Amino acid sequence: MLAEIIRNTNEFISSVPKSKRKEYGQFFTSETTARFMANKFSFDLQHESIQLLDAGAGTGILTAAVIDRIFELGYTGHVHVTCYENDPKVLPVLNRNLNLLSETFDLSFDLKNENYITSQLFGENILLTDDAEKYDYIIGNPPYKKIAKDAREALSMKEVCHGAPNLYFLFWAMGIFNLKPDGELVYIVPRSWTSGAYFKKFREFLFRHSVITDIHLFESRDKVFDGESVLQETVIIKIKKIRKTPGTIKITTSSDSNFADVRDFLAPYNTVVSSNKLVYLITSPDDAAVLDRVNRLSSTLPQSHLKMKTGLIVDFRTTEVLRDKMEAGAFPLLYSQHIKDGKVIWPIGKEGEVIKTDRMSYLQPNGNFLMVKRFTSKEEKRRLQCGIFLQKHYEQFEYISTQNKINFIECDSPCLTYGLFVILNSTLYDNYYRILNGSTQVNSTEINLMPMPERHVIEEMGRELMHKELSVNNCNTIIDRWIK
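Being a predicted model, the structure only gives us computed values, none of them experimental.

K.L.:
Summarise the pattern of salt bridges; cite the residues concerned and give the values.
P.N.:
For the structure shown, the criterion picks out 19 salt bridges. Taking the shortest distance from any N to any O, the salt bridge between Arg35 and Asp68 comes out at 3.0 Å. Taken together, the residues span a long stretch of sequence, with Arg35 in helix α3 (residues 31-38) and Asp68 in helix α4 (residues 61-72) at a distance of 33 residues. The exposure class assigned to Arg35 is partly exposed, which follows from its relative accessible area of 33%. Between Asp430 and Arg434 there is a salt bridge, with its nearest N and O atoms 3.2 Å apart. Here Arg434 and Asp430 lie together in helix α13 (residues 427-436), a separation of 4 residues that amounts to about one turn. Note on Arg434: relative accessible area 25%, which makes it partly exposed. Via salt bridges that share partners, Glu31, Arg35 and Asp68 belong to a single interconnected network.

K.L.:
Can you explain helix α12 (residues 414-424)? Please cite residues and give values.
P.N.:
For α12, a buried count of 10 out of 11 residues is recorded, marking the element as mostly surrounded by other parts of the structure. Those residues of α12 that sit buried are Cys415, Leu416, Thr417, Tyr418, Gly419, Leu420, Phe421, Val422, Ile423 and Leu424.

K.L.:
Give a description of the sheet that holds strand β1 (residues 49-55) that names residues and reports values.
P.N.:
Spatially, the 9 strands line up as an open sheet ordered β3-β2-β1-β4-β5-β7-β6-β8-β9, and their pairing is mixed. What marks the edges here is a single partner per strand, and that holds for β3 (107-112) and β9 (263-268). Averaged over all adjacent pairs, the angle separating strand axes in this sheet is 15°, with direction ignored. Note that strand β6 (residues 211-218) and strand β8 (residues 248-254) share 5 bridges and pair parallel. For His216, the partnering residue across the bridge sits in β8 and is Thr252.

K.L.:
So, unusual backbone geometry: which residues are in play, and what are the values?
P.N.:
Cis rather than trans, the peptide bond between Trp346 and Pro347 has omega equal to 0°. For His305, which is not a glycine, the phi torsion comes out positive at approximately 60°. Assignment of secondary structure puts His305 in the loop between α11 (285-295) and β10 (308-310). According to the relative accessible area criterion, His305 is exposed, its value standing at 72%. Even without being glycine, Asp341 reaches a positive phi, approximately 50°. Tracing the sequence through the fold places Asp341 in the loop between β13 (339-340) and β14 (343-344).

What counts and what doesn't
Residues numbered from 1 in each chain as written. Predicted model: local features only at pLDDT ≥ 70, side-chain atom pairs only at ≥ 80, totals over all residues. Heavy atoms only, no water. Salt bridge = Lys/Arg side-chain N within 4 Å of Asp/Glu carboxyl O. Helix = DSSP H or I, 4+ residues; strand = E, 2+ residues; numbered from the N terminus. Buried < 20%, exposed > 50% of the residue type's maximum accessible area, 1.4 Å probe, protein only. Pairing = 2+ DSSP bridges. Axes fitted to C-alpha atoms, helices over the stretch in contact; angles between N-to-C directions.

Here it is as structure tokens:
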């Protein structure tokens, strides 16, 4: 049955250009992924009837996998399926596949050709009523598509939105809303929701009403959606609509969506879900040990009157103030290219590395800074790449400026600058940040939330590094003495 539905799906995919499917954020689930997701549910086979929801159902692959699994386990009751889909091109395929299922199993279905988000009322007060549809199990591969902050979907779910949201987490939040108590939801989603201010409201809603029980991680980014050329890192998440926090979360990993080499372990719940509601996607007990070691620290950069900020200048928008060579009344403009071997080296003969302007918003007082590249490539060994900038080496300048592809931390002493370098240049913190954020962008908000040693400890570590080689090994040796 599932194989026939897969054939129908492949015929649809081959008949509709990728550009058209992208309008709906459609990336179709493979058969192996659908079966893996269906196997994540803990079905209560004693229920006389089961209510199943597949929002953004596409061609119904996920629904078919769940139905196949339920009856394979020996379920003898009735299943009612609700599918939402508003793409007119895929509706005939979905309807055909649902009829195939109903001819084989004790199953009825509703096919709702409407917007899953805007067709329902959403809110904390509504959550307490019995007016909304409620389901025992929800499965989904929600549309991955960014929408405007004033889009109808965003305005109807203000409680979980910040800025211009992505449809996938609105579908997820609405799914939590639609779950019955003790109900389960399994979604395949990007990993971007795990951290950052952008998803903070959503994470707060998620953990106010449910808990994570399972997480599956893929080692390969480009082999999850067959033939779709999706490079977004993707995870499979199972949540349960209960308030009691479990002791552990089951973590599984595989190389790709063939699931031929699945590995699993149990991670402490509080290690994966931090007290400030960040989610750490760990892949091994070694990752858990990194988190435990760092998360025991009680301070943060802002608590030590330090704060990572993003560079001031968007160079392509301010070309009128940029210069290639030094001239009277001009100042250094620092780019990520100036970060070399642990130091900030200026000038290097780069175009636009000088700024001349009277606008004080384009300048910052010269001082001691730790500079950090905002962007690195996925293939680079390190995510956190830092350079020390000391005021004494550039005393002739009252001001400097920073391009917005670097982050910086202003320090009131060289030893503090060196101490921060020890921390962010260490393997421990590079691994920690990679667990926290799977993207290649270093986010200042996340760095400011990371646990850090107390300020006096940072200074002591800096004194140890001064006059030594700015190597990772030296930083690791110092870190190991101070952070056990």
